[in-house]
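Working through the structure, step by step
If you want the building blocks of each chain, they are given just below.
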Amino acid sequence: MIVTVTPNPSLDRTYEVPSLDRGEVVRATGERMDPGGKGVNVSRAVAAAGRRTVAVLPLGGAPGALVAELLAAQGIEVAPVPVAGTTRSNIALAEADGVLTKINAPGPELGPEERELLLRTVRRQAHGADWIACCGSLPRGLAPSWYADLVARAHAAGVRIALDTSGPALLAALREGPDVVKPNAEELAEAVGRPLATVGDALKAAEDLRSLGAGAVLASLGADGQLLVTGAGAWYGGAPVAAVRSNVGAGDASLAGFLIAGGAGPEALASAVAHGAAAVQLPGSVMPTPADLSPAAVTVTADVPLDRPLTDPAP
């Protein structure tokens, strides 16, 4: 069972448009409304794989109620933390050529009692969990050390932690030794304070995060695949993608695939790559089902292509 924690969830509206012309009336060719937030997406992908998951998230107002309703309709157990503020609504515009424009609202500010209730709810749901996946940005009212506190409490309870966040919150949590962290190339570059131009640069940066406390690093490199760096070694994985329809939630699908497959080693990396490759070929933030996966197309190797340039270098 996988528990997910999404401190700043959202109601996501995705519109597919031929092109985005500033100042003009743009007519959508398709639209979706989904429960959003990185941890929410992980739960959706876990549920799509037929596995049990519990989503812990603060919810408020009509958008919050709709998020809970949409999750329940997908067979996801929801452990809501009622908050006075209103859950944020985000908008994504997906153009036909694969370019995505996102407008993310800030979300509500959590008060002291709401912050403590969120931690208590995570602790209550952690009993019997194989993993707790803590994902996304922190809302107003939560200090950058909040994830670090959560990691420490989870480890004290004997539960493994996967962390997908960035910036000060990631750096603060590393000292508590999360079992796996999942940055993308840009977040990895930000964490180590230097640009990444090659897969070798990403490998060195992942090793640096391990030296700061991460047990393992699962790095998403976009079109250039994924990298897993652990104390046992490093592996590189990739899969062909016919056409990118939307990359919303692709990294979250990858993390779900990794955890579903045990959260360790090249087999878990292969599952992460298969889930990520399937996700980018689906509309909006739709999470892949087993029928969408092409595991035979995935390649994983311990021979990491160090000199391979990144298609989108991280500044």
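Before any of the text, the structure's been laid out above.
Now for a look at the structure at hand. Just so it is clear, the structure is predicted and the values come from calculations on it, not from any experiment. (Residues numbered from 1 in each chain as written. Predicted model: local features only at pLDDT ≥ 70, side-chain atom pairs only at ≥ 80, totals over all residues. Heavy atoms only, no water.)

A look at the pairing of strand β13 (residues 226–230)
Burial analysis of β13 places five of its five residues in the buried class, the great majority of the element. By the alternation rule, side chains of β13 split into Gln-226, Leu-228 and Thr-230 and Leu-227 and Val-229, which are all buried. In the sheet, β13 pairs with strand β14 (residues 233–238) via five bridges, with the strands oriented antiparallel. When the bridges of β14 are listed, Gln-226 appears paired with Gly-237. The antiparallel pairing of β13 with β14 creates a hairpin that spans two residues between the two strands. (Buried < 20%, exposed > 50% of the residue type's maximum accessible area, 1.4 Å probe, protein only. Helix = DSSP H or I, 4+ residues; strand = E, 2+ residues; numbered from the N terminus. Pairing = 2+ DSSP bridges.)

Focus: the sheet that holds strand β2 (residues 10–17)
Here four strands make up an open sheet; going across it, the order is β3-β2-β6-β7 and the pairing mixed. Strands at the two margins of the open sheet, each flanked by one partner only, are β3 (30–36) and β7 (100–103). Sheet twist, expressed as the average angle between the axes of neighbouring strands with direction ignored, equals 20°. With four bridges joining them, strand β6 (residues 88–95) and β7 adopt antiparallel strand pairing. Bridging across to β7, Leu-93 finds its partner in Thr-101. Against the sheet, helix α2 (residues 61–73) makes contact with β2, β3 and β6, and its axis sits at roughly 95° relative to β3, the strand it touches most. (Axes fitted to C-alpha atoms, helices over the stretch in contact; angles between N-to-C directions. Contact = heavy atoms within 4.5 Å.)

Points about the nonpolar core
Judged by nonpolar contacts, the single largest core of 54 residues is most densely connected at Ile-132, Trp-146, Leu-150, Leu-221 and Leu-227. Each residue touching Leu-227, except ones within four places of it in the same chain, is listed here: Val-199, Ala-202, Leu-203, Val-217, Leu-218, Ala-219, Leu-221, Trp-235, Tyr-236 and Val-304. Among the nonpolar cores identified, the runner-up in size contains 29 residues, and Leu-218, Phe-258, Ala-272 and Met-287 belong to it. (Core = buried A, V, L, I, M, F, W, Y, C linked by side-chain atoms within 4.5 Å.)

Examining the pattern of salt bridges
Side-chain pairs of opposite charge can arise where the charged atoms are in close proximity. Counted under the stated rule, the structure contains 11 salt bridges. Arg-245 is the salt-bridge partner of Glu-16, the closest N and O atoms lying 3.2 Å from each other. Taken together, the residues Glu-16 in strand β2 and Arg-245 in the loop between β14 and α8 (250–260) connect sequence positions 229 residues apart. Across the salt bridge formed by Lys-204 and Asp-208, the nearest N and O atoms sit 2.8 Å from each other. Within this pair, Lys-204 and its partner Asp-208 are both found in helix α7 (residues 199–211), separated by four residues, close to a single helical turn. Classification of Lys-204 by relative accessible area gives partly exposed; the value is 42%. Asp-208 gets classed as buried once you look at its relative accessible area, which sits at 17%. Each of the salt bridges in this network shares a partner with another, and the network as a whole consists of Arg-32, Asp-34 and Arg-44. (Salt bridge = Lys/Arg side-chain N within 4 Å of Asp/Glu carboxyl O.)

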